[in-house]
Every structure is written in C-alpha cells, then in structure tokens.
Amino acid sequence: MGEEQQVSSSYWLQTAPDGHHPALDGELDVDVAVIGAGIAGLSTAWELTRAGRSVAVLEAGRVAAGVTGHTTAKVTALHTLVYDKLRRTRGPEGARLYARSQSEAIGHAARIAEELGVDCEWETRNAYTYARDPGRVAQLRAEAEAAAEAGLPASFVTETGLPFPVAGAVEVTGQAQFHPRKYLLALAADLVERGGRIFEDTTVLGLDEGEPCRLSTATGATVRARDVVVATHYPIFDRALLFARLSTRRELVVAGTIPAGQDPDGMFITPEEDTRSVRTAPLEGDRRLLIVTGEHFTPGTGDPRARLERLTAWATGHFPDLEVTHRWATQDTEPTDTVPMVGPLHPGARHAYVATGFGGWGMTGGIMAGRLLTAQITGEECEWSGLYDPRRLKTAVREAPALLKTQAKVAGHFVGDRLRPSPPVESLPPGEGAVVRADGHRVAVYRDEDGGLHAVSARCTHLGCLVDFNAAERAWECPCHGSRFDTDGKVIQGPATKPLEQRDL
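Residues numbered from 1 in each chain as written. Predicted model: local features only at pLDDT ≥ 70, side-chain atom pairs only at ≥ 80, totals over all residues. Heavy atoms only, no water.

Caption draft 1: Structural context of the pattern of salt bridges. Considering all chains together, one arrives at 44 salt bridges under this definition. Residue Asp-84 pairs with Arg-87 through a salt bridge whose shortest N-O separation is 3.0 Å. With Asp-84 and Arg-87 both in helix 3 (residues 83-89) and 3 residues apart, this pair spans about one turn of that helix. Given the relative accessible area of 17%, Asp-84 is considered buried. Owing to a relative accessible area of 18%, Arg-87 belongs among the buried residues under this scheme. For the salt bridge of Arg-87 with Glu-149, the shortest nitrogen-to-oxygen distance reads 3.4 Å. In this pair, Arg-87 sits in helix 3 while Glu-149 sits in helix 5 (residues 137-149), placing the two residues 62 residues apart along the sequence. By sharing partners, the salt bridges in this structure join Glu-93, Arg-96, Arg-100, Glu-104, Arg-371 and Glu-383 into a single network. (Salt bridge = Lys/Arg side-chain N within 4 Å of Asp/Glu carboxyl O. Helix = DSSP H or I, 4+ residues; strand = E, 2+ residues; numbered from the N terminus. Buried < 20%, exposed > 50% of the residue type's maximum accessible area, 1.4 Å probe, protein only.)

Caption draft 2: Main features of the environment of Ser-9. On the secondary structure map, Ser-9 appears in the segment before helix 1 (11-14). For Ser-9 and His-70, which are 61 residues apart along the polypeptide, the C-alpha to C-alpha distance reads 8.7 Å. Once residues within four sequence positions are removed from consideration, Ser-9 is found in contact with Gln-14, His-326, Arg-327 and Trp-328. (Contact = heavy atoms within 4.5 Å.)

Caption draft 3: Local environment of the layout of surface pockets. One number sums up the size of the second largest pocket: a volume of about 170 Å³. What lines the second largest pocket is Glu-47, Ser-101, Glu-104, Ala-105, Met-368, Arg-371, Leu-372, Ala-375, Glu-380, Glu-381, Cys-382 and Trp-384. When contributions to the lining of the second largest pocket are tallied by element, the ones reaching two or more residues are helix 4 (91-116) and helix 8 (362-378). With 4 residues, helix 8 is the single largest residue contributor to the lining of the second largest pocket. Split into classes, the residues belonging to the lining of the second largest pocket amount to 6 nonpolar, 1 polar and 5 charged. (1 Å grid on protein atoms, 1.4 Å probe; cavity = no way out; pocket = protein on both sides within 12 Å on 5 of 7 lines; lining within 4 Å. Points joined across faces, edges and corners; volume = space filled by probe spheres on them. Nonpolar A, V, L, I, M, F, W, Y, C, P; charged D, E, K, R; others polar.)

Caption draft 4: Region of interest: the state of the cysteines. Across all of its chains, the model carries 1 disulfide by this definition. Note that Cys-465 is cross-linked by a disulfide to Cys-480, the S-S spacing being 2.0 Å. Every disulfide takes its handedness from the sign of the S-S torsion; for Cys-465 and Cys-480 that torsion is -90°, giving left-handed. With Cys-465 in the loop between strand 20 (453-457) and strand 21 (468-470) and Cys-480 in the loop between strand 22 (475-477) and strand 23 (484-485), this pair connects stretches of sequence that are 15 residues apart. (Disulfide = S-S within 2.5 Å.)

Caption draft 5: How the structure looks around helix 7 (residues 304-318). Between the first and last C-alpha of helix 7 there are 21 Å, a value that for 15 residues agrees with the 21 Å anticipated at 1.5 Å per step. Residues of helix 7 that are buried: Pro-304, Arg-305, Leu-308, Leu-311, Thr-312, Trp-314 and Ala-315. (Expected span 1.5 Å × (residues − 1).)

Caption draft 6: Quick look at the sheet that holds strand 23. A sheet is described by the order of its strands in space; here 4 strands give the open sequence 21-22-23-24, paired in antiparallel fashion. Sheet topology places strand 21 and strand 24 (491-493) at the edges, where each strand pairs with a single neighbour. Looking at chain direction, strand 22 and strand 23 are connected through 2 bridges and run antiparallel. Residue Glu-477 lies in a different strand from strand 23, and its bridge partner there is Arg-484. (Pairing = 2+ DSSP bridges.)

Caption draft 7: A look at the sheet that holds strand 20. Spatially, the 3 strands line up as an open sheet ordered 18-19-20, and their pairing is antiparallel. The open sheet is flanked by strand 18 (432-438) and strand 20, the only strands paired with a single partner. Strand after strand, the sheet turns through a mean of 30° between neighbouring axes, direction not considered. Bridge count for strand 19 (residues 441-447) against strand 20 is 5 bridges, and the pairing is antiparallel. Considered in strand 20, the bridge of Ala-444 is made with Val-456. (Axes fitted to C-alpha atoms, helices over the stretch in contact; angles between N-to-C directions.)

Okay, structure coming up:
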C-alpha cells in the first residue's frame, strides 16, 4: 500500500505545543460544566469565565485535538452557497441575522487574538465560492446578491487568483484565516489563568438535569453544575431527537509547500468535483503551505484511499510545484435544515445547552456559539437566539425531505450492513480490516503489520449500527452517526462514549 494512500497527521497538531491538563478525579462543583474542548466548547468556557462564572471543561481526549485540530481553519461568513437558500427558507431577516452573527465572530476572534498577544498566524483574506461549470453562473449570481442583501461585502466576479479559469465566483472581502490550535491553546491558558479548570482524558457518560445538574464520568468522577453545555461536535445525549436532524460527513485533506509566488491569495471553495477547498498558510522563507480539502464521504463507507489519491492528483495537477507533506481527514456535522443548533438541549431544558451542526464552518460557528450560549446562561438578550434555537420545528418540517433522506440512509445501514457477505479471516492482509461472522456475531477484525489479529465487536456502542474499516486511517467507523474507533476499539470520535467490546476469534 503506497504512502500516498495513507493519512499522516494534521499540520495544526504538529506545529503547536501540546499542553497537558489532568483528568478529573473525585467530585467538583462549578457554575457551568462544558463538555468538549474544541472551538465551541473553549469559546463558551472562555466567555463564561470572563462573565464571572466558575467553569470546568471536560474533554475525553486532548484540548483542540479533535475536529477543531483537523479543520482547514477558514474564518469566514461565506459558507459555500447558503444565503440564497436562507432568504428563501428563513426570509431576508433570517439571512441577515446569519450573516451578522458569523461576521461578528470574525471581528471578535481578531480582538481576542490581539488582546491575548497570541501569534496564531492571523491573516486577512478574501473568500470565494467558485464554479467552473457555466451552468452554475446563475446560482452564483443569486448567491452574491443574497449575501450582499444580508449585509456581507459580496459581489459576483469572473477572475480569481486560482491557477485555472472559473465561470464565476462569489467574492466576500475582508475575511480571515488562522492557526486554530495556537489560537485555542492561548484561549485555554487564559481561561485557566482566570480560574477556569480544564480536564482531559475525562469521558462524560451521564447527565442528570436536576438542580444542580450532575455529570458522571467513565472513571466515576462527578461534576455538579447549575448549567451544562454539550459541545462535543456531535451531541452525546439525544433528548430532542437531534440525531434525526444531523448527518456526518468526512473529508480528506492534502497539504504541502509551494513557492510563495504561487499563492492564489484567497480562500476558495467549490461544490463541484465532490468539493474542493483551497487556502494557504504562512511558512518561513519564500514558501507557503497549500491546504486542499475535498472528496467528502460518509464515515464507514467506501475506500478512502482512492479518494485520497484523487485529491492528491488534483492538488499536484493544479499546483505542479507542490511538495506534499501532510495528509489528514476532517469530520463535519450537517443539520438537515441548514442552520447550526445552538441553545437549549431540548424543549424542557432549563439548564442544559448544546452547540452542534456547524456544517463545515465551525470556526465562525464555534466562536458565535460561545457568545450566544454565554448570553443565554447569563440572562442577556441575543438577537439571533431564535435563528439557532435547537427546539425549532417549523424549519425541520419545512425541510422534511432532507430529514427523511438522512433517516432512510441510517435505516439502510442498520439493516443492509447486516446482510453483507463475510470474508474469511485468513484472507486479510496486514494493515487491513473487515467485519466477519464468528459464532453468530459480527466481529470487526484487523490484522496488524506483524500479522497479529485484533478483534472487537462490530456493533457501534452508540445506537448499534455496524462499523466498517477505513483503510486510509486504519479506524473503525460507524456510517449511521459518525462514531470512530481505533483498531483495538477505543473511541476516537463520538457520539459513542464507550469502546467496542473485545472479542475472541
């Protein structure tokens, strides 16, 4: 298996110092407990600490090392093609509130970076949604018009800095990009300095919404808090049928160095070609880091190695001087009705909140969520609370076809994956995995490079769908809700909180 078909590691994780926080032990009482230390969780905790609340952040892994550690880190209010749809489904006022809330997040992040004095490689860039197909020009013109009507500095253009012609593009000026992990590690350090607490390797298993709320963890530690925020990217608790309104997708990333003179000078994305996203980041000397994202797929489906090969070929084909240094993957959660869900966890919630469904735009979305949730917890008014309210039902009903399609896909996997033929264990080559039958059960078996077999239950510990093997990342993935596990069954990514059970062959 060639190196070009395997992921390596995220550039952001490799180039930012790794701090360490203890695991939670015993009992703890705080005003607010935040579950998840990505950009949404840390932004919320930081804002609440500034508002005078005692806060504890509980992270199952490491700070800013999950979804946020694998993003492309565009800080922009141009979210591919969203504004024309929003003005049709939410009205012009809904589109305006979306644009304003996302734009204010950009300015807020810039002020925080300056205040904390963190060198997070903040750069102002224009953002573009482009198409090469002339048949999409009318769609792009409508998007530019809707974005401008919503208050963004948007226009339709036909020229970009990309090394190939485009039929047209939506341009929004004055957006930004940064090093997400450097930014968040500085946020975490300031949070702790102001009295906040961060606990890593602390997996939350239960939430009792009493007064106060009570959280239980995998190690038996407990937290009592007046308010709880679930910011785990995909919520680990489903108390408002959020699982039915969310879908997961995974995308591959190829990064490497190019001469600085070949920088296309902007942030670019197209819905064509199974998505292609392009940006650069600063490096020392006369080179820049080119980051290309695309080839999205549902976790646990297909062979990502072929997708990685296609993405690498696209990147090197358009940037011939690219020297590939990194390959990784990112995961996003899509709401069926377009807008993220930020606010009360369910209709009866008084002290439990959630932030999810950022649809690939978690940088501005997470910063926005931190400010919105802080306003709600501290009793302040926020103009766009209604827009992001997870309890909304009208839009969910209005966009029911997307919801039904998502649930049909989940049901198809739940039933259909159990009918797949089972390969013999003996046929597995080193570095490969497969789901096989053993004693009437489905078992996920991986053969390591030394020939040893690792066997775990193929039944996802979230809601029971069968996992499948991602050979590019050597991980077991659930196609229903995106949970991911390593070859020994340990949880890599939720919503699952418990490992796959060990099995004997």
